[in-house]
Each structure stands twice: as structure tokens, then as C-alpha cells.
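Residues per chain, in single letters:
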Amino acid sequence: MGVAVFLLFVMCAFYVQSRGVVKHSKLSRRITDHSNFLGPINCLFYLFSRVKKSPFIDVKEFPELKVVEDNWEMIRDEALVLNSSAQIKASEDLDDLGFNSFFRTGWKRFYLKWYGADLKSAKQLCPNTVALLSTVPGVKGAMFAMLPPGARLVKHRDPYAGSLRYHLGLVTPNSDDCHIVVDGIQYSWRDGESVMFDETFIHYAENKTDQNRIVLFLDVKRPVSFFLVDWFNEFLSYTLLAASATKNVKGDKVGFLNKIFAYVYKIRVVGKKVKAFNKPLYYFLQYALYIYLIYIIFFK
């Protein structure tokens, strides 16, 4: 039984890493990609997906989101007021597991909602935007996301296929020098215009202008054709993904995964020191740990 489950994980991980035109160039990067851990779950979402399995999806397939784009100026105005008081910012603590690596290049955010987590700060500071988003049931996560001049997010794929990513341009350079590239296809943000893409394809973003970029960033539930898969998606949203919630300010709810992230990060820091000291030793320990975990999970 353990062997069969292990082989299922391997096959699903292989499929996840084979999707699209763009792939991680290094084999070690493909093997250690965190997307592999959710491979079987993601393959379930791909199998029953009701939208095209392509890097970009036509926003018109989600007519319920039209009300968001129609009110983009109201949303923009709340984002500008928020930014003027420096509330769109990087995490001040090690409590944003999902986006921690982005902060190094200047990326900033302010959460509006996150998979059921109650964010009192969002309701107080952005009441109109929060109220509007609450009328769209498919929106599971939302934030204002800032990409400052010169910032660049490295190539990556998000680990969970139960949602699709929506961006609405609020304050952008309106230039092709500020863009996102998903599976090799480039899109440049424009004020008042929206785009939707599958974030489980490899993508990166960069702002090569001297102007700021702020977008409304939404996680929208992937529509599927089988009700049990949809139910499973809802279950994971309010358990696993809700555990990745974090705060804008003190008093907001912090999920379990982010509560323990600071301790996990300390182990990662030790790993970086080992890597700087001796790369072969680092990779030996890394793969030995993976093999041990595979043995514990699938064969013991």
C-alpha cells in the first residue's frame, strides 16, 4: 500500500513539474519544489477543472468579478489612503510563510481577507472594498499587493491549484516595463484592467520603471465539475489555507502555520550557514532528510 501511494505521489509530482512550456532548469529544483507535496490534490483539481488549463484565463468566464472591476476607482482610492499611511508593507515578523521570500526584493502587501480569517484591520481601514468583496463568494483571499520600482519576483510556482489568481490594476506605471510573465507569456498591468492566471504555472514579475505598482490581488476558487472535489476544496480552504493567515497589525488573527513559521525559519537559517560552509554536506543532509521523510510517510 505504501509503495502504491508513493508511486502516486511521484507520478503526480512529475505531472506538476511537466506542465507548461517553462520548467525549472535544475533537476534538484524540480525535486525539492514545494508544489510536489500537493501533487495528488492538485492533479484532482486539474482533472475536474471547468476552466481551460492554460496560463491565462479569460476573466469573462467569471462574470461575478465584473462588479470588482466596475468599482476599481473606489478600490484604488482606499488603497491610496492605506498606502499614504504606510499600511501596505512587508511583514514585521516571521509570520507570513506564503510570501516571506518576496519581501527581500521590496514586495509589500495588506491583507483584505484570507480563507475565512477575520481581519479586523481590513474592515476598519478598507470598509468599502471588504464589503464589496464579501458579495463575491468565489473570492477566498484578497490583498493589496505592491511592487516598487526596481523590484523583481523570481521564477516560482504556487503550490495550491484550488484557486486561480486575479489582478486588478489600481496604480500602475501603465508600461510594458512593469509586467508579469506566466509560462513565458507576458502581461503588463494597466489601471482599471484585470487579468486572471493559473499561478501553478511558473511565473515571475518585475517593475523596471521608476513608478510604483499596486494591484488588487485575489485568490478565486477554481470551478470544478464534480461536487465532491468542490467540497474538498472548501474543506482545505478553511483548514489548511486558513492556517496560513497572518496579520496586518497586532490583533488580527494569525494562523497555526504562521505561528510555527518563526521556529521553522531558524532551522532554515542553520541550513543556509551549512550551505555557505560546505555545499556537498548541505545537499547530502537535505536529500538524506527527504529520503527519511519518504520512508517514515510511505513505508513505515
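Thresholds applied
Residues numbered from 1 in each chain as written. Predicted model: local features only at pLDDT ≥ 70, side-chain atom pairs only at ≥ 80, totals over all residues. Heavy atoms only, no water. Pairing = 2+ DSSP bridges. Helix = DSSP H or I, 4+ residues; strand = E, 2+ residues; numbered from the N terminus. Axes fitted to C-alpha atoms, helices over the stretch in contact; angles between N-to-C directions. Buried < 20%, exposed > 50% of the residue type's maximum accessible area, 1.4 Å probe, protein only. Arc of directions from axis to C-beta. Contact = heavy atoms within 4.5 Å. Domains from an automatic or database assignment. Buried area = accessible area lost by both parts, 1.4 Å probe. Salt bridge = Lys/Arg side-chain N within 4 Å of Asp/Glu carboxyl O. UniProt positions renumbered as here; feature names shortened; annotations may be inferred. Patch = residues over 30% accessible without salt bridge, like charges linked within 9 Å, V, L, I, M, F, W, Y side chains within 5 Å. Areas by Shrake-Rupley, 256 points an atom, 1.4 Å probe, with all protein chains shown as cover. Disulfide = S-S within 2.5 Å. Phe/Tyr/Trp six-rings, centres within 6.5 Å; stacked < 30°, edge-to-face > 60°. Lys NZ or Arg CZ within 6 Å of the ring centre and 35° of its normal.

1. Digging into the sheet that holds strand β7 (residues 185–188)
Spatial ordering of the open sheet is given by β4-β9-β6-β7, a layout of four strands whose pairing is antiparallel. Looking at which strands have only one partner, the edges of the open sheet turn out to be β4 (152–156) and β7. Taken over all neighbouring pairs, the strand axes of this sheet differ in orientation by 15 degrees on average, direction set aside. Here four bridges tie strand β6 (residues 178–182) to β7, and the two strands are oriented antiparallel to one another. Looking at β7, one finds that V182 is bridged to I185.

2. Regarding helix α3 (residues 39–48)
G39, N42, C43, F45 and Y46 are the residues of α3 that are buried. Seen from one end, α3 has its buried residues packed into an arc of 160 degrees, which puts them on one side. Residues of α3 that are buried in the fold lie against α1 (2–18) and α8 (227–241).

3. Details of the domain arrangement of the protein
Parsing the protein into structural domains produces domain 1 (56–225 + 233–254) and domain 2 (255–299). Here the C-alpha centre of domain 2 lies 29 Å away from the C-alpha centre of domain 1. Here domain 1 and domain 2 share an interface that buries about 990 Å² over both sides, 59% of which is from carbon and sulfur atoms. Summed over the shared surface of domain 1 and domain 2, the number is zero salt bridges.

4. Some words on the UniProt feature "domain: Aspartyl/asparaginy/proline hydroxylase" (unreviewed entry) in the protein
The sites that UniProt annotates as "domain: Aspartyl/asparaginy/proline hydroxylase" (unreviewed entry) are residues 69–223. A helix fraction of 18% and a strand fraction of 37% characterise residues 69–223, whose end C-alpha atoms lie 20 Å from each other.

5. Looking at a nonpolar patch on the surface
Taken together, the side chains of V3, L7, L8, M11 and F299 define a hydrophobic patch exposed on the protein surface, amounting to about 470 Å² of accessible area. The element best represented in the nonpolar patch is α1, accounting for four residues. Tracing the chain through its elements places V3 in helix α1. For V3, a relative accessible area of 46% puts it in the partly exposed group.

6. Structural notes on the state of the cysteines
The term disulfide refers to a covalent linkage connecting the sulfur atoms of a pair of cysteines. One pass over the structure, following the stated rule, counts zero disulfides. Looking at C43, it has no disulfide partner, and the nearest cysteine sulfur is the one in C12, 3.8 Å off. Here C43 falls in the buried class, since its relative accessible area comes to 17%.

7. Remarks on the packing of aromatic side chains
Geometry of an aromatic ring pair is reported as the spacing of the ring centres plus the angle between the planes. This structure, assessed with the given rule, holds 14 aromatic pairs. Geometrically, the ring pair formed by W114 and Y115 is edge-to-face, given 5.1 Å between the ring centres and 80 degrees between the ring planes. Taken together, the ring pairs in this structure connect F99, F102, F103, W107, Y111, W114, Y115 and F217 into an aromatic cluster. Of note, R19 hangs over the ring of F201, and the distance from its end group to the ring centre comes to 4.1 Å. Note that R213 overlies the ring of W189, its terminal NZ or CZ placed 4.5 Å from the centroid.

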